[in-house]
Amino acid sequence: MEGTESRSGTVSSAVADWSLVFWTLCSVILPVLITLWCSFQRSRRQVLIRDIFRKSKHDWHYTDLFGQPSYCCVCAQHILQGAFCSCCGLRVSEGCLKKADQLFLCKEIMMRSNGGAHSSMPHHWIRGNVPLCSCCMICKQQCGTQPKLCDYRCVWCQYTVHDECMMDCLKTEECTFGEFRDLIIPPYYLSTINQMRKDKRTNYEKVVPYCRKHWMPVIILANTRSGNNMGETLLGEFKILLNPVQVFDLSKIAPAKALQLCTLLPCNAVRVLVCGGDGTVGWVLDAIDEMKIKGQERYIPQVAILPLGTGNDLSNTLGWGAGYAGEVPVEQILRNVMEADGIKLDRWKVQVTNKGYYNLRKPKVFTMNNYFSIGPDALMALNFHAHREKTPSLFSSRIINKAVYFFYGTKDCLVQECKDLNKKVELELDGERIKLPSLEGIIVLNIGYWGGGCRLWEGMGDEPYPLARHDDGLLEVVGVHGSFHCAQIQVKLANPVRLGQAHTVRLILKSSKMPMQVDGEPWAQGPCTVTITHKTHALMLYHSGEQTDDEASSMSEQDHMREQTDEDV
C-alpha cells in the first residue's frame with residue numbers, strides 16, 4: 001500500500017510539474033503569438049492602405065488622432081483616427097477609404113477640356129468637417145456647431161453653407177475663389193494654357209483677362225527638412241487654400257524645376273513664398289539666377305520668406321520675422337504676401353583662391369546673400385555642422401540648435417582658437433589696405449541682421465555711422481575681439497570694430513588654417529585670397545509689419561529704401 005501511495009504521489013507531482021510548465025509556456029508564448037499576429041495584421045493593413053493611397057487621386061495622409069472633432073464623409077460616424085486629403089480636406093475612416101475614392105472627386109488642378117475655352121467654374125462642395133468659427137454665406141450664422149456630419153464647404157473659395165441653406169442654385173453657381181482669388185491659379189487657366197501649347201501658341205498674356213486684373217499668382221516652395229520640421233504641415237494647409245499645383249515640396253523636387261511654372265504665367269506678376277531657412281532662400285535665388293541665364297528674365301518672380309530655419313537673418317531683415325512656429329494662421333501669411341512691397345537685394349560673388357605654386361585646382365566660388373566671416377562665429381558654425389552630420393536626429397528643434405551654438409560659443413571664450421587674426425590676414429577695401437587692430441574675427445555684412453537677430457553694424461546705436469542697406473552695392477565690414485565680444489554685441493553692451501564700407505572686399509590669409517563661412521555654410525580654409533564682388537540683384541518682397549525696439553533705429557533706412565524702390569519703378 002505504501003508503495004502504491006508513493007507511486008501515485010510521484011505521478012501526481014509529475015503531472016503538477018508538467019501542468020506548471022505547460023501553463024508557464026502558454027503565458028509566455030501566447031502573448032508573443034498575439035503580438036506577432038497583431039504586428040502581421042498591422043503591416044498587412046498598412047500595405048493595403050499604402051496601395052489605396054498610391055492609386056487614389058486624393059492626396060491621402062493617415063493620422064492616429066485628428067486635431068478637431070471629425071466625422072467620416074462616407075458613413076457619417078464620429079472618428080478619432082483615419083485618413084484625410086491634404087488637398088480637398090475630406091476625412092474618412094479607414095474602412096471607407098475605397099468608397100470615398102469612388103464617391104468624391106478631389107480638387108482638379110486642371111479642368112477637363114470640353115472642346116471650348118473656360119473662364120469660370122462652379123463651386124466644389126464637400127460636406128462636413130467645416131473649419132471652426134466659419135459662417136454661412138447665406139444666413140451669416142456659425143456653421144459646424146452640431147455634433148454630426150453637417151454643412152458644406154467649397155474647396156476653392158472656402159465659403160461654408162448650412163445644410164438647410166444649401167440650394168440647387170448654389171451647386172451650379174460660379175465660384176469666385178474667395179479671398180485669395182488673386183493668388184490662386186484657376187484650373188480653367190491651366191487647361192487653356194495646355195491647349196495653347198498644343199497649338200504651339202505662347203502669347204499667354206491674352207489669357208489673363210479670363211482671370212482678373214490684379215492677378216499675382218503665388219508659388220509655395222517648402223523645405224520640409226528646415227529648422228522645426230513644420231514644412232509638412234504647411235504644405236497641407238497651403239494645398240487646401242490654393243491650387244495644389246502651386247505647392248511644391250523641395251525635398252522631392254528641385255527649385256529650378258518648380259520655378260518653370262513661372263513661364264506659364266503672366267510676366268512680372270508671380271510671387272514665390274519660400275518656407276525654410278536662409279539656406280533654402282539662397283537655393284531658390286540660385287535657381288532664379290539660372291532662369292536669367294536661360295533667357296527667362298521676364299518670368300523672374302518676387303520672393304517672400306516664411307522663416308523655418310535657425311538663424312533667419314535675411315527673413316528678419318526683410319520684415320518676415322525671426323522664426324515661424326505656427327503662431328500666425330496660414331491665411332494671414334497669404335495676406336502678408338499680397339500686401340508686401342517689392343525691393344531689391346544685393347547678391348555677391350565670393351571667390352576663394354588657394355595659395356601655392358603647385359595649386360592647379362579652380363577657385364571656389366560662392367554666392368553670398370547675408371554675410372561672410374572668418375573667426376569665432378565661423379568656428380561655431382563649423383563645430384555645429386560637424387556635430388549635426390554625426391547625429392542629425394538631435395537637431396530637429398530651433399531651441400536645440402541655438403543651445404548647441406551657445407555651447408560652442410562658450411567653449412571658444414575659454415580656448416580662443418582664433419586669436420591674433422590681425423597678424424594672419426591682410427584686409428583691403430576697394431583696393432585700400434586697412435590697418436587692423438587686435439582682432440579674432442572679421443565679418444563682411446550685406447544685410448542688417450547677423451547671428452540670429454543682432455543688428456551688428458549698428459551695435460549699441462550710440463555712435464554716428466553711415467546707414468547699412470542691402471540694395472546699395474556696399475558691404476559693411478566689422479571686426480570682433482572674440483566670442484565674448486560677439487555675445488556683448490548681441491545684448492547691446494558693446495559696439496563692433498567698424499572697419500568700413502566698400503564695393504569690393506579682398507582678404508588675404510597669409511598662414512595657418514582658419515574657419516570661414518558664407519551664409520552659414522562653414523569650412524576650414526588654409527592660406528588663400530578671398531575676393532568679394534557684386535554679382536547681381538534679387539527681387540524680394542518686404543513685409544512692413546509691426547516694428548520692434550531693435551528696428552526703431554533703422555526706420556529712416558527702410559523709408560529711404562522704399563522711396564528709392566518707387567523711383568526705380
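Residues numbered from 1 in each chain as written. Predicted model: local features only at pLDDT ≥ 70, side-chain atom pairs only at ≥ 80, totals over all residues. Heavy atoms only, no water.

Asker: What should I look at first to understand the overall build of the chain in this one?
Answerer: Along its length, the chain carries 14 helices and 24 strands. Across the 569 residues that make up the chain, the buried fraction comes to 48%. Taking as baseline every contact in the chain between residues at least 6 positions apart, the subset at least 24 positions apart corresponds to 70%. Only carbon and sulfur atoms are counted for the fraction: they give 55% of the accessible area of the chain, which is about 28,800 Å². (Helix = DSSP H or I, 4+ residues; strand = E, 2+ residues; numbered from the N terminus. Buried < 20%, exposed > 50% of the residue type's maximum accessible area, 1.4 Å probe, protein only. Contact = heavy atoms within 4.5 Å. Areas by Shrake-Rupley, 256 points an atom, 1.4 Å probe, with all protein chains shown as cover.)

Asker: So what exactly am I meant to see when it comes to the sheet that holds strand E19 (residues 475-480) here?
Answerer: The pairing of strands in a sheet happens through backbone hydrogen bonds and is either parallel or antiparallel. With antiparallel pairing, 6 strands are arranged side by side in an open sheet as E20-E19-E18-E15-E22-E23. Of all the strands in the sheet, just strand E20 (497-502) and strand E23 (521-525) have a single pairing partner and so form its edges. Between one strand axis and the next, the sheet turns through 15° on average, direction left out of account. Relative to E20, E19 runs antiparallel, the two being bridged by 5 bridges. When the sheet's bridge partners are listed, Leu475 is paired in E20 with Ala502. (Pairing = 2+ DSSP bridges. Axes fitted to C-alpha atoms, helices over the stretch in contact; angles between N-to-C directions.)

Asker: What is the right way to read the state of the cysteines from this model?
Answerer: Should the sulfur atoms of two cysteines be covalently bonded, the bond is a disulfide. In this structure the tally under the stated criterion is 0 disulfides. Here Cys85 stays free of any disulfide, with the sulfur of Cys88 as its closest cysteine sulfur at 3.5 Å. Overall, Cys85 belongs to the buried group, its relative accessible area being 1%. Unpaired in this structure, Cys454 has its nearest cysteine sulfur neighbour in Cys486, at a distance of 8.5 Å. (Disulfide = S-S within 2.5 Å.)

Asker: It is not clear to me how the packing of aromatic side chains should be interpreted in this structure. Could you clarify?
Answerer: Any pair of aromatic rings gets described here by the distance separating the centres and the angle formed by the planes. Applying the stated criterion to the full structure yields 4 aromatic pairs. Look at Phe177 and Tyr188: their rings are 6.2 Å apart centre to centre, the planes differ by 65°, and that puts the pair in the edge-to-face class. Highlighted residues: Phe177 in the loop between helix H3 (168-172) and helix H4 (187-198) and Tyr188 in helix H4, separated in sequence by 11 residues. Accessibility classification places Phe177 together with Tyr188 in one group, the buried group. The structure contains a cluster of three or more aromatic residues connected by ring pairs, namely Trp156, Phe177 and Tyr188. Sitting above the plane of the Trp156 ring, Lys107 keeps its charged end 4.7 Å from the centroid. (Phe/Tyr/Trp six-rings, centres within 6.5 Å; stacked < 30°, edge-to-face > 60°. Lys NZ or Arg CZ within 6 Å of the ring centre and 35° of its normal.)

Asker: Can you walk me through helix H7 (residues 278-293) in this structure?
Answerer: Given 3.6 residues to a turn, an α-helix orients residues that are three or four positions apart in the same direction. With 16 residues, H7 should cover 22 Å at 1.5 Å per step; its first-to-last C-alpha distance of 23 Å lies within 8% of that length. Every buried residue of H7 is listed here: Asp278, Thr280, Val281, Gly282, Val284, Leu285, Ala287, Ile288, Asp289 and Met291. Note on H7: the residue one or two positions beyond its end, Gly295, has a positive phi of about 80°. (Expected span 1.5 Å × (residues − 1).)

Asker: Help me understand the sheet that holds strand E8 (residues 160-161) in this model?
Answerer: If you trace the 3 strands from one edge of the open sheet to the other, you get E6-E7-E8, paired in antiparallel fashion. Here the strands that pair on one side only, and so sit at the sheet edges, are strand E6 (125-127) and E8. Note that strand E7 (residues 152-154) and E8 share 2 bridges and pair antiparallel. Note that in E8 the partner of Tyr152 across the bridge is Val161.

Asker: What is the right way to read the packing of helix H5 (residues 231-241) against helix H9 (residues 330-339) from this model?
Answerer: Helix-helix packing: each pair is described by the crossing angle between the helix axes and the interaxial distance. The contact between H5 and H9 brings their axes to 10 Å, and the two run at 70°. Considered as vectors, H5 and H9 are oriented roughly perpendicular to each other. Where H5 crosses over H9, the two elements pack in a sense that is right-handed. The residues of H9 that touch H5, namely those facing Leu234, Glu237, Phe238 and Leu241, are Val330, Glu331, Ile333 and Leu334. (Parallel < 35°, antiparallel > 145°, perpendicular 65-115°, else oblique. Left-handed = near helix turned anticlockwise from the far one by under 90°.)

Asker: Explain the pattern of salt bridges to me, please; I cannot follow it from the model alone.
Answerer: Pairs can form between side chains of opposite charge once their charged atoms are near each other. For the structure on display, the rule yields 11 salt bridges. With a shortest N-O distance of 3.7 Å, Lys292 and Asp289 are connected by a salt bridge. Placement of the pair is Lys292 and Asp289 together in helix H7, with a separation of 3 residues, close to one helical turn. The shortest N-O distance in the salt bridge between Asp471 and Arg469 comes to 2.9 Å. By relative accessible area, Asp471 is classed as buried at 15%. Each of Asp286, Asp289, Lys292, Arg347 and Lys535 takes part in one network of salt bridges that share partners. (Salt bridge = Lys/Arg side-chain N within 4 Å of Asp/Glu carboxyl O.)

Asker: Just to check I follow, could you spell out a nonpolar patch on the surface for this structure?
Answerer: On the surface, a cluster of nonpolar side chains totalling about 790 Å² of accessible area is made up of Trp18, Val21, Leu25, Val28, Ile29, Val32, Leu33 and Leu36. Note on placement: Ile29 falls in helix H1 (residues 2-55). (Patch = residues over 30% accessible without salt bridge, like charges linked within 9 Å, V, L, I, M, F, W, Y side chains within 5 Å.)

Asker: Sorry if this is basic, but what is going on with the environment of Val274 here?
Answerer: As for its placement among the helices and strands, Val274 is situated in strand E11 (residues 271-276). In the structure, Val274 is positioned 34 residues away from Leu308 in sequence and 9.4 Å away in space, judged by C-alpha atoms. When near neighbours in sequence (up to four residues on either side) are disregarded, Val274 contacts Leu221, Thr280, Val281, Val284, Val303, Ala304, Ile305 and Leu306.

Asker: How do you make sense of the nonpolar core when you look at a structure like this?
Answerer: For soluble globular proteins, nonpolar side chains are generally found buried alongside one another. Among the nonpolar cores identified, the biggest contains 100 residues, and Trp60, Leu221, Phe238, Leu242, Leu259, Leu273 and Met540 are the most heavily contacted of them. Top element by residues in this core is H7. It accounts for 6 residues. When neighbours within four sequence positions are excluded, Trp60 is seen to be in contact with Phe53, Ala83, Phe84, Cys85, Leu90, Val92, Leu97, Ala100 and Asp101. Listed in part, the 32 residues of the second largest apolar core include Ile442, Val505, Trp523 and Cys528. (Core = buried A, V, L, I, M, F, W, Y, C linked by side-chain atoms within 4.5 Å.)

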